[in-house]
Amino acid sequence: MTAAMVGWAHLPFGKHADETVETLIVKAASQAIHDAGISPEDVDEILLGHFNAGFSEQDFTAALVLQADPALRFKPATRVENACATGSAAVQQGVRAIASGDARIVLVVGVEQMTTTPGPQIGKNLLRASYLEEDGDIPAGFAGVFGQIADAYFQKYGDQSDALARIAAKNHKNGTGNPYAQMRKDLGYEFCRAESEKNPFVAGPLKRTDCSLVSDGAAAIVLTDTATALGMKKAVAFRSTAHVQDFLPMSKRDILQFEGCSKAWGQALGDAGLTLEDLSFVETHDCFTIAELIEYEAMGLTKEGEGSRAILEGWTEMDGKLPVNPSGGLKAKGHPIGATGVSMHVLTAMQLLGEAGDIQVKDAELGGIFNMGGAAVANYVSVLQAIK
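Residues numbered from 1 in each chain as written. Predicted model: local features only at pLDDT ≥ 70, side-chain atom pairs only at ≥ 80, totals over all residues. Heavy atoms only, no water.

**Student:** Looking at this model, I keep getting lost on the overall build of the chain. Mind explaining?
**Tutor:** Across its full length, the chain holds 13 helices and 11 strands. In terms of its C-alpha atoms, the chain occupies a principal-axis envelope of roughly 55 × 45 × 40 Å. In the chain, which comprises 388 residues, the proportion classed as buried is 62%. Considering only intrachain contacts with a sequence separation of at least 6, the fraction spanning at least 24 residues in the chain is 76%. In the chain, the 32 positive side-chain charges and the 48 negative ones have mean positions that sit 2 Å from each other. (Helix = DSSP H or I, 4+ residues; strand = E, 2+ residues; numbered from the N terminus. Buried < 20%, exposed > 50% of the residue type's maximum accessible area, 1.4 Å probe, protein only. Contact = heavy atoms within 4.5 Å. Lys, Arg positive; Asp, Glu negative; His and termini not counted. Charge placed at Lys NZ, Arg CZ, Asp CG, Glu CD.)

Right, here's the structure in full:
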């Protein structure tokens, strides 16, 4: 354990027309610094996770973090981007800076403002996280990419509509207890399962309730080395991290296996000296319900093609053997791209300190995080444990 989280902030996710990328960054950064009990002068390095891809006209954003306090002026600040895993990419760069000794205290901010962009352009922006030479003409944008994945999965393993609806219902139910979630409404299994005017098909077998929300939001964390962390008021350490990058074109791999996800989980658990059974819960990347289903298999919770067992038999419910997405996941919480991975780390830290309120997992000791960019292209895993 070389790095630990000692402070954080999480703004509510949703539609924030009265905010800008700059104001979201400033609020999250300021709150995280205050929460850690440090002064801005103590920060050695700043990392900003911001996907953008056309959502914001302001495309040079790393220095906006300095707007949080004049004392941050002249600190090194870098924008990090790796599609939908942008937030975790920034977090892991911060962990590396601590581990290398280049920095003692690192401020990591994740941000995105998506809802002020017109609907058709949102789809185009998100599709930039795919391989445009092959996927550029897919209808329904990035939902179309995962609609194709769902189609292929259904063809190979049978209709999984019941399982997908159960995943959506589980995550929306969990999200009702998350004060930061964009949608705090228990939609219920029947609504998620049935096609309706309010829940139409979007792409392939995926309905609206199978797709994560377009969101605005920001989150931030303060990192330091474990020795320093033990002298602060709270500390959640990284037992391990892993990053596995796969081919961008889906044609170059078996898209139903999420092999990068499997390898990242294997590496992170191996480095931590743990097995999946040791984890108290997992926050995983449910950009679409089919993604969470396949991730059950990729993380080793079930055999290949049997992911539906995990949800249909209740394994991943809040009271199951491995709760998955107690926060409500991207499905209920929202998915402001650059903020998502940072959010996952903040909410996992809160769980491990028993501070998660209505989404608290009982006796949580070890938390796993999986955040991915594209269709299992950028794969990031963190394993966290409270040490103070």
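There's plenty left to go through after this.
**Student:** How do you make sense of the pairing of strand E2 (residues 45-49) when you look at a structure like this?
**Tutor:** Sheet faces and side chains relate simply in a regular strand, where the side chains alternate between the two faces. With 5 of its 5 residues buried, E2 lies for the most part within the structure. The alternating pattern of E2 places Glu45, Leu47 and Gly49 on one face and Ile46 and Leu48 on the opposite face, and all of these are buried. In terms of strand pairing, E2 meets strand E4 (residues 105-113) through 5 bridges, oriented parallel. Of the residues in E4, the one forming a bridge with Leu47 is Val108. Looking at chain direction, E2 and strand E3 (residues 77-80) are connected through 4 bridges and run parallel. Bridge pairing links Leu47 to Thr78 in E3. (Pairing = 2+ DSSP bridges.)

**Student:** Explain the packing of aromatic side chains here, please?
**Tutor:** What describes a pair of aromatic rings is the distance from one ring centre to the other and the angle between the planes of the rings. Counted under the stated rule, the structure contains 3 aromatic pairs. For the ring pair Tyr153 and Tyr157, a centre distance of 4.7 Å and an interplane angle of 55° mean the geometry is tilted. With Tyr153 and Tyr157 both in helix H5 (residues 141-157) and 4 residues apart, the pair spans about one turn of that helix. Under the relative-accessibility criterion, Tyr153 is labelled buried at 0%. Overall, the relative accessible area of 26% leaves Tyr157 in the partly exposed class. (Phe/Tyr/Trp six-rings, centres within 6.5 Å; stacked < 30°, edge-to-face > 60°.)

**Student:** Would you explain the side chain of His345 in this entry?
**Tutor:** Within the secondary structure, His345 is located in helix H13 (residues 337-352). Among the polar contacts listed, one links the side chain of His345 to the backbone oxygen of Gly341, at a separation of 2.7 Å. With residues up to four places along the chain from it excluded, the contact list for His345 reads Met5, Ser88, Val91, Phe238, Ile369, Ser382 and Leu384. (Polar contact = N/O pair within 3.5 Å; in protein donor to acceptor, adjacent residues only side chain to side chain.)

**Student:** Honestly, the packing of H5 against helix H10 (residues 289-298) in this entry has me stumped. Any pointers?
**Tutor:** When two helices pack together, you describe them by how their axes are tilted relative to each other and by the distance separating the axes. Viewed as axis vectors pointing N to C, H5 and H10 meet at an angle of 55°, and their least axial separation amounts to 10 Å. Looking at the two axes, H5 sits oblique to H10. The crossing of H5 and H10 is left-handed. Where H5 approaches H10, its residues Phe146, Ile149, Ala150 and Tyr153 are matched on the opposing element by Ile290, Ala291, Leu293, Ile294 and Glu297. Per-class residue counts for the contact of H5 with H10 are 8 nonpolar, no polar and 1 charged. (Axes fitted to C-alpha atoms, helices over the stretch in contact; angles between N-to-C directions. Parallel < 35°, antiparallel > 145°, perpendicular 65-115°, else oblique. Left-handed = near helix turned anticlockwise from the far one by under 90°. Nonpolar A, V, L, I, M, F, W, Y, C, P; charged D, E, K, R; others polar.)

**Student:** Can you help me understand the packing of helix H3 (residues 119-127) against H5 in this one?
**Tutor:** In contact at an axis separation of 6 Å, H3 and H5 are set at 55° when each is read in the N-to-C sense. As the angle between them shows, H3 and H5 are arranged oblique. In this structure, H3 contributes Gly123, Leu126 and Leu127 to the contact, and H5 contributes Gly141, Phe142 and Val145.

**Student:** In this structure, what is going on with the environment of Leu187? I would like to understand it.
**Tutor:** Its place among the elements puts Leu187 in the loop between helix H6 (161-175) and helix H7 (189-193). Sequence-wise, Leu187 and Asn199 are 12 residues apart; in three dimensions their C-alpha atoms are separated by 11 Å. Once residues within four sequence positions are removed from consideration, Leu187 is found in contact with His172, Cys192 and Thr209.

**Student:** Please explain the environment of Gly14 as it appears in this structure.
**Tutor:** Position of Gly14 among the secondary structure elements: in the loop between strand E1 (3-10) and helix H1 (21-36). Expressed as a C-alpha distance, the spacing of Gly14 and Pro336, which sit 322 residues apart in the sequence, is 8.5 Å. The residues touching Gly14, leaving out its near neighbours within four places in the chain, are Thr115, Gln182, Ser215 and Asp216.

**Student:** Looking at this structure, how should I read the UniProt feature "domain: Thiolase C-terminal" (unreviewed entry) in the chain?
**Tutor:** On the UniProt side, "domain: Thiolase C-terminal" (unreviewed entry) is annotated at positions that read residues 251-385 here. Taken end to end, residues 251-385 is 38% helix and 14% strand, and its first and last C-alpha atoms sit 38 Å apart. (UniProt positions renumbered as here; feature names shortened; annotations may be inferred.)

**Student:** It is not clear to me how the sheet that holds strand E11 (residues 378-386) should be interpreted in this structure. Could you clarify?
**Tutor:** Whether parallel or antiparallel, the strands of a sheet pair through hydrogen bonds between backbone atoms. An order of E3-E2-E4-E7-E1-E8-E11-E10-E9 is seen for the 9 strands of this open sheet, with the pairing classed as mixed. Among the strands making up the open sheet, the edge pair consists of E3 and strand E9 (281-283). On average, each strand axis in the sheet is inclined to that of its neighbour by 30°, with strand direction left out of account. In this sheet, strand E8 (residues 236-245) lies alongside E1 in antiparallel orientation, the contact comprising 2 bridges.

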